[in-house]
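These are the residues of each chain, in order.
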Amino acid sequence: MLAEAGWPRVVGLDFALEAKRQAELLTPTDLVGQLEWRTGDLFALGTSSPSEFAVVVEHTSFCAIDPRRRDEWMGSVFAALRPGGRLLALFYLHQKPDGPPFGAKREDVESALKLAGFVIEREEIPSDSIERRHNEEWLVLARRP
């Protein structure tokens, strides 16, 4: 979607090699030069790719990881962004027991963002969430100063 919107370089990251292979197979031929698929550890992104990215788009990794590692995850994303870079994230704020997806409270996510050093620029509760997640998602645009 980002490549189709005109971003000159888009990187997708997953820890699973099979996810990378499938993404490469599904990439339209006219976008091959704009898209780079990587396998890697998101917790190491800040050290393997420091200040590399202008934007990080987050959807479903924050809720999938052990809640005890969320500050570490947020710090890694912060470190991977260039100064002035932005995190666009859709956080799943459910209160169901167990996981994944693990639950989160808005205050916990705000705390993790601030602890990492992010400044929240915009936020909203999406009106167009899928029905089973209605009023349980929080869309955030945060900036690395």
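## What about the sheet that holds strand S4 (residues 81–92)?
Neighbouring strands of a sheet are bound in pairs by backbone hydrogen bonds; such pairs are parallel or else antiparallel. Ordered in space as S3-S4-S6-S5, the 4 strands form an open sheet in which the pairing is mixed. On the outer flanks of this sheet lie strand S3 (53–59) and strand S5 (119–124), each paired with one strand and no other. Geometrically, the sheet is characterised by an average inter-axis angle of 15 degrees between neighbouring strands, direction not taken into account. Across 7 bridges, the pairing between S4 and strand S6 (residues 137–143) is antiparallel. Counterpart to Arg-86 in the pairing with S6 is Arg-143. Across the sheet, helix H3 (residues 70–80) touches S3 and S4, and the angle it forms with S4 is around 140 degrees. Strands S4, S5 and S6 of the sheet are contacted by helix H4 (residues 106–116), whose axis makes an angle of about 15 degrees with S6.

## Some details on the pattern of salt bridges
In this structure the tally under the stated criterion is 13 salt bridges. Glu-136 serves as the salt-bridge partner of Lys-96, at 3.3 Å between the closest nitrogen and oxygen. Residue Lys-96 is found in the loop between S4 and H4, and its partner Glu-136 is found in the loop between S5 and S6; the two are separated by 40 residues along the sequence. A relative accessible area of 42% means that Lys-96 is categorised as partly exposed. One continuous salt-bridge network, built from bridges that share partners, spans Arg-9, Glu-36, Arg-38 and Glu-52.

## Structural notes on the packing of aromatic side chains
For the structure on display, the rule yields 4 aromatic pairs. Ring centres of Phe-62 and Phe-91 lie 5.0 Å apart, and the angle between their planes is 75 degrees; this geometry places the pair in the edge-to-face category. In this pair, Phe-62 is assigned in the loop between S3 and H3 and Phe-91 in strand S4, connecting sequence segments 29 residues apart. Each of the two residues, Phe-62 as well as Phe-91, counts as buried. Aromatic pair Phe-78 and Phe-118: ring centres 5.1 Å apart, planes at 85 degrees, arrangement edge-to-face. Placement of the pair is Phe-78 in helix H3 and Phe-118 in the loop between H4 and S5, with a sequence separation of 40 residues. With respect to burial, Phe-78 and Phe-118 carry one shared label: buried. Pairwise contacts between aromatic rings join Phe-62, Trp-73, Phe-91 and Trp-138 into one cluster. Sitting over the face of the ring of Phe-43, Arg-69 holds its NZ or CZ atom 3.6 Å from the ring centroid. In this structure, Arg-133 packs its charged tip against the face of Tyr-92, placed 3.9 Å from the ring centre.

## A look at the pairing of S3
Here S3 runs beside S4; their pairing, made up of 6 bridges, is parallel. By the bridge assignment, His-59 is partnered in S4 with Leu-90. Following the backbone out of S3, through H3 and into the adjacent parallel S4, one traces a crossover that is right-handed.

## Focus: the environment of Glu-123
By the element assignment, Glu-123 lies in strand S5. Taking the C-alpha atoms as reference, Glu-123 lies 14 Å from Glu-58; in sequence the two are 65 residues apart. Leave out the neighbours within four places in its chain, and Glu-123 touches Arg-106, Trp-138, Leu-139 and Val-140. Within the local environment of Glu-123, its side chain forms a polar contact with the side chain of Arg-106, the two groups lying 2.8 Å apart. A polar contact of 2.9 Å, which involves the side chain of Glu-123, links it to the side chain of Trp-138.

Quick notes on the rules
Residues numbered from 1 in each chain as written. Predicted model: local features only at pLDDT ≥ 70, side-chain atom pairs only at ≥ 80, totals over all residues. Heavy atoms only, no water. Pairing = 2+ DSSP bridges. Helix = DSSP H or I, 4+ residues; strand = E, 2+ residues; numbered from the N terminus. Axes fitted to C-alpha atoms, helices over the stretch in contact; angles between N-to-C directions. Contact = heavy atoms within 4.5 Å. Salt bridge = Lys/Arg side-chain N within 4 Å of Asp/Glu carboxyl O. Buried < 20%, exposed > 50% of the residue type's maximum accessible area, 1.4 Å probe, protein only. Phe/Tyr/Trp six-rings, centres within 6.5 Å; stacked < 30°, edge-to-face > 60°. Lys NZ or Arg CZ within 6 Å of the ring centre and 35° of its normal. Right-handed = clockwise from strand over helix to strand, strands pointing away. Polar contact = N/O pair within 3.5 Å; in protein donor to acceptor, adjacent residues only side chain to side chain.

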